[in-house]
Amino acid sequence: MTDTIDTVRATLIETLELTQQPNTLTADTALFGAIPELDSFGVVQLVAAIEDRFDITIEDDEFGPELFETVGSLSDFVDAKITA
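Residues numbered from 1 in each chain as written. Predicted model: local features only at pLDDT ≥ 70, side-chain atom pairs only at ≥ 80, totals over all residues. Heavy atoms only, no water.

Details of the overall build of the protein chain
If you tally the helices and strands in the protein chain, you get three helices and zero strands. In summary, the protein chain has a C-alpha radius of gyration of 11 Å against a globular reference of 12 Å for 84 residues, a match within 12%. Oriented by its inertia axes, the alpha-carbon framework of the protein chain measures out at about 30 × 25 × 20 Å. Buried positions account for 42% of the 84 residues belonging to the protein chain. A separation threshold of at least 6 residues defines the contact pool for the protein chain, and within that pool the share at least 24 residues apart is 60%. (Helix = DSSP H or I, 4+ residues; strand = E, 2+ residues; numbered from the N terminus. Rg over C-alpha atoms; globule rule 2.2 N^0.38 Å. Buried < 20%, exposed > 50% of the residue type's maximum accessible area, 1.4 Å probe, protein only. Contact = heavy atoms within 4.5 Å.)

Dropping the structure here:
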């Protein structure tokens, strides 16, 4: 998961143009509702970037608040998609 969370952090920063450093985004860092850049448009951009970066597909029925709750929940989801 270390590689996945590192890549998710980098993708978040690049896609949403965040000013945070990757090491400040921990697994417990709240996302949706806590990061202003992660609005509905930001979610669409982030999903597209994650799909491209990890070569996965995130289905419409997989979207939900729990997916974007924290950096860790997003990383865990990506890990599960990669290993499926």
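Next comes the rest of the description.
Side note on the side chain of Arg9
Inspection of the secondary structure assignment puts Arg9 in helix α1 (residues 2–16). A relative accessible area of 17% means that Arg9 is categorised as buried.

Worth remembering: the numbers are spatial, not functional.
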